[in-house]
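Commentary on secondary and tertiary structure
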Amino acid sequence: MTYEFVYRDKHFDWEATVEAIAMVCPISAVAILSRWRDRNFGNCQRLLPVLVDHLLQAHLLNPKVAAALYCFQADWSLDTFLTAVLSRTAAGPERNEVAGLLWNYIRLDLHSLRVWRKIIKVAQEFGVNFPEAEQFAEQAERREERSRQGSDDHRTRDQSPPQEVDWDAVFDGLTPHSLPDLAQAQKRCELTAKYGAKSQVFIRAAHRVAVGHEDELIATLPDLPGFELYELQQLLGELPASWAHQQSTMEALRALVRELAARHCLRITVRTAYQPLPLDVVERVCGLPRAQVIGAAVHAIADIADPLGAESLFNLVGLLSTRLDAREGASALEYELARMEEAMSDADGDGAWHVALTPGRDLSSAVASYVWAALAAPEASYRWEAAHVVRALCRLRCDVSIDTLTSCLAGAIPKPFVDSRLVHYELHAQQWLLIGLARAAIERPDAVAKHVPQLVELALKPNSHALIRSFAASAALAVHHSANVVLEESVLSRLRVINQEKIDRTHGPRDRWHREELTGPRRPLELHFGIDMPHYWFDRLGGIFGLNETDMCERVEKVVLHDWGVPIETWDHDQRMRRRIIDGEETRHSHGTYPRADDLHFYYSYHAMFVVAGQLVDEIQLQAVEDEWHTFESWLHGHALTRKDGGWLADRRDPEPFEEVDWSEIKDNKEWKWCVSRDDFDRVLFQGAEAVVVAGHWVVSHEPRREEVDVSSALVTPETALSLLRSRQCSADIDRDPPLPSAGSDNELEDDGFVLKGWIVDNSSEAELDKFDPWAADIRYPPLGPAKFVEEQLSLERDDERRAWRKAGTGVVELSSRTWAYPPAGRREDKEPSRGRRLEASKDLILQLLVSTGMKLLVEVSIRRRLASSYESKDDDDAVGYPPPYAKYFLFDADGTITTV
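Because the structure is predicted, anything quoted here is derived from the model rather than measured. (Residues numbered from 1 in each chain as written. Predicted model: local features only at pLDDT ≥ 70, side-chain atom pairs only at ≥ 80, totals over all residues. Heavy atoms only, no water.)

1. Remarks on unusual backbone geometry
Following Glu 703, the chain continues to Pro 704 via a peptide bond in cis, the omega torsion being 5°. Position of Pro 704 among the secondary structure elements: in the loop between β4 (691-702) and β5 (705-716). Cis geometry is found at the peptide bond from Tyr 781 to Pro 782, where omega equals 0°. The residue Pro 782 is located in the loop between β8 (760-761) and β9 (785-786) in this model. The phi dihedral of Asn 499 falls on the positive side, at around 65°, and the residue is not glycine. Within the fold, Asn 499 resides in the loop between α27 (489-496) and β1 (502-504). Phi at Ala 777 is positive, roughly 60°, even though this residue is not glycine. Structurally, Ala 777 can be placed in the loop between β8 and β9. For Ala 777, a relative accessible area of 0% corresponds to the buried category. (Helix = DSSP H or I, 4+ residues; strand = E, 2+ residues; numbered from the N terminus. Buried < 20%, exposed > 50% of the residue type's maximum accessible area, 1.4 Å probe, protein only.)

2. A look at the environment of Ala 466
Tracing the backbone shows Ala 466 in helix α26 (residues 466-481). With relative accessibility at 0%, the residue Ala 466 sits in the buried group. Separated by 323 residues in the primary sequence, Ala 466 and Phe 789 have C-alpha atoms spaced 37 Å apart. Beyond its immediate stretch of four places on either side in the chain, Ala 466 contacts Asn 499, Phe 610, Ala 613, Gly 614, Phe 632 and Leu 636. (Contact = heavy atoms within 4.5 Å.)

3. Section: the packing of helix α23 (residues 426-443) against helix α32 (residues 600-619)
Running from N to C, α23 and α32 cross one another at 55°; their axes reach a closest spacing of 10 Å. In terms of orientation, α23 and α32 fall into the oblique class. When you trace α23 past α32, the crossing you get is left-handed. The segment α23 lies against α32, with Glu 426, Leu 427, His 428 and Gln 431 engaging Tyr 603, Tyr 606 and His 607. Residue classes in the contact of α23 with α32 are distributed as 3 nonpolar, 3 polar and 1 charged. (Axes fitted to C-alpha atoms, helices over the stretch in contact; angles between N-to-C directions. Parallel < 35°, antiparallel > 145°, perpendicular 65-115°, else oblique. Left-handed = near helix turned anticlockwise from the far one by under 90°. Nonpolar A, V, L, I, M, F, W, Y, C, P; charged D, E, K, R; others polar.)

4. Quick notes on the nonpolar core
Ranked by internal contacts, the top residues of the largest apolar core, which has 168 residues, are Phe 72, Leu 375, Leu 495 and Phe 632. Counting residues per element, this core draws most heavily on α32, at 13 residues. Discounting chain neighbours no more than four positions away, the residues touching Leu 375 are Arg 383, Ala 386, Ala 387, Val 390, Leu 405, His 428, Ala 429, Trp 432 and Leu 433. Counting 50 residues, the second largest nonpolar core, distinct from the first, contains Leu 221, Leu 224, Leu 236 and Leu 288. (Core = buried A, V, L, I, M, F, W, Y, C linked by side-chain atoms within 4.5 Å.)

5. Here's the deal with the confidence of the model for the protein
Regions with low pLDDT should not have their predicted coordinates read in detail. With 92% of its residues at a pLDDT of at least 70, the protein reaches an overall mean of 88. Model confidence for the protein, summarised as mean pLDDT per element, is weakest for helix α39 (residues 874-880) at 53 and strongest for helix α5 (residues 63-68) at 98. Every residue in residues 151-160 scores below 50 in pLDDT, and together they form 17 contacts with partners more than four places removed in sequence or on other chains. The low-confidence segment residues 825-830, where pLDDT is below 50, has 7 contacts with residues more than four positions distant or belonging to other chains. (pLDDT = per-residue confidence, 0-100.)

6. Topic: helix α6 (residues 78-87)
Turning to α6, its buried residues number three or more, namely Leu 78, Phe 81, Leu 82, Ala 84, Val 85 and Leu 86. For α6, the elements touching its buried residues are α4 (44-57), α5, α7 (93-106) and α8 (113-126).

7. Digging into the packing of aromatic side chains
If you walk through the whole model with that rule in mind, you get 36 aromatic pairs. Look at Trp 14 and Phe 41: their rings are 5.0 Å apart centre to centre, the planes differ by 75°, and that puts the pair in the edge-to-face class. Taken together, the residues span a long stretch of sequence, with Trp 14 in helix α2 (residues 14-24) and Phe 41 in the loop between α3 (26-39) and α4 at a distance of 27 residues. Of the two residues, Trp 14 and Phe 41, neither departs from the other in class, the shared state being buried. Where Trp 384 meets Trp 432, the ring centres are 6.5 Å apart and the plane angle is 90°; that geometry is what we call edge-to-face. Taken as a pair, Trp 384 in helix α21 (residues 380-395) and Trp 432 in helix α23 lie far apart in primary sequence, 48 residues in all. When sorted by exposure, Trp 384 lands in the same class as Trp 432, which is buried. By way of ring pairs, the aromatic residues Trp 537, Phe 545, Tyr 594, Phe 602, Tyr 606, Phe 610, Phe 632 and Trp 635 are connected into one cluster. Positioned above the aromatic ring of Trp 648 is the side chain of Arg 391, whose terminal nitrogen or guanidinium carbon lies 5.2 Å from the ring centre. The aromatic ring of Phe 789 is capped on one face by Lys 757, whose charged end is 4.9 Å from the ring centroid. (Phe/Tyr/Trp six-rings, centres within 6.5 Å; stacked < 30°, edge-to-face > 60°. Lys NZ or Arg CZ within 6 Å of the ring centre and 35° of its normal.)

8. As for the pairing of strand β11 (residues 804-807)
Here 3 bridges tie strand β10 (residues 796-798) to β11, and the two strands are oriented antiparallel to one another. Of the residues in β11, the one forming a bridge with Glu 797 is Arg 806. Between the antiparallel neighbours β10 and β11 lie 5 residues, among them Arg 802 with a positive phi of about 55°. Across 3 bridges, β11 lies against strand β12 (residues 813-822) in antiparallel orientation. (Pairing = 2+ DSSP bridges.)

9. With respect to the packing of helix α25 (residues 452-460) against α26
Direction vectors running N to C along α25 and α26 enclose 140°, while the axes themselves pass 8 Å from each other. Regarding the angle of α25 to α26, the classification is oblique. Crossing geometry of α25 relative to α26 is assigned as left-handed. Each of Val 452, Leu 455, Val 456, Leu 458 and Ala 459 in α25 lies in contact with α26, whose residues at this interface are Arg 469, Ala 472, Ala 473, Ala 475, Ala 476 and Val 479. For the contact of α25 with α26, the per-class residue count stands at 10 nonpolar, no polar and 1 charged.

10. Considerations on the pairing of β4
Within a regular strand, side chains alternate between the sheet's two faces. Taking burial as the measure, the 12 residues of β4 include 11 buried ones, the bulk of the element. In this structure, strand β3 (residues 686-687) lies alongside β4, joined through 2 bridges in antiparallel fashion. Residue Phe 686 lies in a different strand from β4, and its bridge partner there is Val 692. Between β3 and the antiparallel strand that follows it, β4, lie 3 residues; Gly 688 among them carries a positive phi value of about 85°. Inspection of the sheet shows β4 paired to strand β13 (residues 834-842) by 8 bridges, in the antiparallel sense. In the sheet register, His 697 faces β13, and the bridge partner there is Arg 837. Across 7 bridges, β4 lies against β5 in antiparallel orientation. Across the sheet, residue Trp 698 finds its bridge partner in β5, namely Val 709. The hairpin turn running from β4 into β5, its antiparallel successor, is 2 residues long.

Right, dumping it as structure tokens:
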């Protein structure tokens, strides 16, 4: 109802409203914000930090719970947030743990130089370590310097350096406190054509007025054309120091403020967002209480005969609220609530008040309920942010919040935190909560240990949701492996075979995609699943078990209508779509892809399919099959996490490299496209004195310039290496040349003494269930790395995340792999982000590899440059077509020499 009058955020002070609700009842504020987010009312990215900051300042919220909420990508004021959290956390291990968690996320986001400096200052103040923070600040400084300089030649202008205004000439022969003379000074400034000079006249006059005439000058200002609230604010900021000791002058200044407040009464506001006349500045400089300024404005508003608009009415309420004492405020609130009760119907909000809307008494539990509602969000990105919060709560041992979340798994849905008129996506919440718990069980099993019995019960429930029980089993097994909880062998054996096919080994391999023949008449389906879902989702699952598309639709329909009891009339009548909480563009999906947001049709179809999957794998025995792709395990992996080791895609995301590309010498953008030099190839290939990039693909984007780099390498027989180098370098069409092979690829060659062998594994693929995790930013996995034979021959040991390969025994890093995407997905969509991945090897490792294999190493570096589409000319494209990239080849020998053509 309020939103109909507010019209988005234009006239409504959302921040002050949230703070006011929090002061009345903090727990209710969390519940209200949760329902607002469920209804897409307001802006949760803006309002959540306001609420968290208020609760921290009031010492009401556990700082570790607040720290976990940073995983929601919101408009956090980082220095304020960090100070509030770290100052309320015990110094030592606890503070370091909180700081470490926050740093893992802070370093992945895009911050300005000003913010980085504040982050560094906070770290120094509280004695916590933010590794490489100084380098991030330097990187931000370089980025902002590029922005100031502007690399776009058609936007830059030749501007002459600003010239100082000759104020002596402006005021020559004029009396500063005379109104006609001040007007004359303004005209002289207009003739000088100096931007902003006219608005400085009254400030210069204040510093030139003769002693004893200050009050005369102030008295003329209201009649000076263009002197309004903004000019008054400027004057208060640059008053002559001597005025503060002149009683008559300050009284005249206070009279000026009251007069302008009355004249511009509709612009006087107590809103926190922006005040044309900051009341705190007036009180500090003039000694004029804000109550008097507000009083002058209110009395002036009372004399206005015309009806007030929405903005003025909202401002008036704010002004009047400051003039009420506690009793009057309570009376006004009670009166207005009674008026609202008369205007509201049962269709508004959650309907009439009932006891089920009581949000509880514990703030940490309330926050957990907020997280549960976020886990059930239609938007995939928000569900993933909430899963990160779950993981963070476990890592920081926020046991009360974790207990509340796991109680929701048992059906204790926190109804005050969700919109009762919308279908609560409970199965979404269960699935993404278990995703978070399964990940947390690996790094903090002690935080999940007490919930293992509940997880085991979920995992072993027969004929249940295949993905939900898979994540529950993973969490329980992770805790068991850490020796925090010892499970019985019978339970362990069942957990280990969750979702595994039951193989009938008495028969030979079955025919792939064998379908049973349809016999007899079939009843028509009651539900329409559309075109995409049956063919691209249900069909492959059915094919594994010999079921056709119609069989699968019948089974899914039975789950929706009979097992869940969903009314056929409303199963896809999506209130979120009708209320425009989500739109058709977000919910669009085709050919088996996931939508960004799930409508009711997709929600029911998706989860019912996984319930059917659980039933089929439990009930049907299958004959053995040779092709792994046609197994149930392969199908389920295609709908699970990208990584199969329990890690998340976001764990493998790195910040953008710190090295900087300097293109400032080439001013013209069109010229820059074709100015690729030998130095550019050396810059790409050699990272410092000892590191060489041996594989990679990345994009460097400095608007409007975009440079795309590809590096590949392969081992080649010494006898043919030089010939291959020359032929590749002199190729007429580099784009059509076969790429240098990766290990195990079809491009590897061995024929008549010629060997071209890959030594780097590049088998990354598109992300799966975690594709829309904004903290993963849609990076590719697995990262680049050496082939197994390289690891064995050179005695290399890799870390769990495949970031570094060290020499066994010495611990020296010989290979390092980086994968980045910057900034997070969904942010700065107007800009093309820098992203990429690469593998760097030490020169020593390359020499060891060549000695051990008796081969040479051929490295290809290609560079392609273009401008953003808004800067490219179609005529330019037509003139040159689609040009191939610039390329250069390097041949490394075992004696350390590098040959090029």
